[in-house]
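Architecture and fold: a report
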Amino acid sequence: MAFVICYAVFFGLFRGYHWMYPKYFVSGESMNPTFWEQEVVQVKAHHQPERFDVVVMHPPNDPDALYLKRVVGLPGERIDYQNGQLFVNSKPVTDEFAEQTEDFVWEQINNGLISKDYYFVLGDNRMISKDSRIFGLVPEKQILGIVTEGNKDK
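Structural notes, computed from the coordinates. (Residues numbered from 1 in each chain as written. Predicted model: local features only at pLDDT ≥ 70, side-chain atom pairs only at ≥ 80, totals over all residues. Heavy atoms only, no water.)

Now for the nonpolar core. Val-72, Ile-79, Tyr-81, Leu-86, Val-88, Ala-98, Phe-104, Trp-106, Ile-114, Phe-120, Leu-122 and Leu-137 together form the largest nonpolar core, which totals 12 residues. Counting only elements with at least two residues in this core, the list comes to strand 5 (79-82), strand 6 (85-88) and strand 8 (118-122). Core analysis: the second largest hydrophobic core is formed by 11 residues, Ala-45, Phe-135, Ile-143 and Ile-146 among them. (Core = buried A, V, L, I, M, F, W, Y, C linked by side-chain atoms within 4.5 Å. Buried < 20%, exposed > 50% of the residue type's maximum accessible area, 1.4 Å probe, protein only. Helix = DSSP H or I, 4+ residues; strand = E, 2+ residues; numbered from the N terminus.)

Given below as structure tokens:
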């Protein structure tokens with residue numbers, strides 16, 4: 001009987017952990033060189049994302065799809081890229097992938113600041129990524145979790 005109880009507790013904890021911190025396969029090249037096609041990533045946190053966190057999310061235009069993207073803009077901000085430089089509320093901010101980002105003006109994406117509970121996301125491979133520049137801001141409720149960075153030593 002004790003074995004059955006121990007097994008049930010272990011199985012319950014194991015299943016609970018994988019439900020709270022699931023693993024996903026990377027599909028596509030929009031997050032190269034940080035993550036590669038078919039790499040496995042695991043959700044590590046469920047708190048509000050911070051700038052440059054990588055998240056697993058459902059894009060607003062396709063709620064059944066799963067995307068891996070980097071959070072660049074937070075609620076209450078305006079994002080611009082000019083001449084390979086990220087500007088947050090008109091102030092320069094260092095972004096590792098800014099040089100690969102085509103210039104854009106915020107009004108092309110949104111009419112005001114990023115609304116409460118919404119985020120602006122980009123793929124690291126900015127030239128091919130389908131991200132907030134295409135599908136708009138992402139509601140927090142469509143962000144499934146924050147993942148651990150990959151490929152730092154590759």
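After that view of the structure, there is still more to cover.
A few words now on the packing of aromatic side chains. The description of an aromatic ring pair uses the distance of the two centres, along with the angle that the planes make with each other. What the rule picks out here adds up to four aromatic pairs. Ring centres 5.6 Å apart and planes at 50 degrees place the aromatic pair Tyr-81 and Phe-104 in the tilted group. Remark: Phe-104 occurs in the loop between strand 7 (91-93) and strand 8 and Tyr-81 occurs in strand 5; sequence separation between them is 23 residues. Given a relative accessible area of 0%, Tyr-81 falls into the buried group. Taking relative accessible area as the criterion, Phe-104 reaches 6% and is therefore assigned buried. (Phe/Tyr/Trp six-rings, centres within 6.5 Å; stacked < 30°, edge-to-face > 60°.)

Sheet strands pair by backbone hydrogen bonding; their relative direction is either parallel or antiparallel. Taken in spatial order, the seven strands make up an open sheet running 1-2-10-3-4-8-9, and their pairing is antiparallel. Each edge of the sheet is formed by a strand with only one pairing partner; in this case those strands are strand 1 (23-25) and strand 9 (138-139). Alignment of strand 3 (residues 54-57) against strand 4 (residues 67-73), held across four bridges, turns out to be antiparallel. Within strand 4, the residue paired with Val-55 across the bridge is Lys-69. (Pairing = 2+ DSSP bridges.)

This brings us to the sheet that holds strand 5. Strand order in the open sheet made by the three strands is 5-6-7, with antiparallel pairing throughout. A single partner strand is all that each edge strand has here, and the edge strands are strand 5 and strand 7. Here the strands of the sheet are splayed against their neighbours by 40 degrees on average, with no regard to which way each runs. Relative to strand 6, strand 5 is paired through four bridges, and the arrangement is antiparallel. Its bridge partner being in strand 6, Asp-80 is matched across the sheet by Phe-87. (Axes fitted to C-alpha atoms, helices over the stretch in contact; angles between N-to-C directions.)

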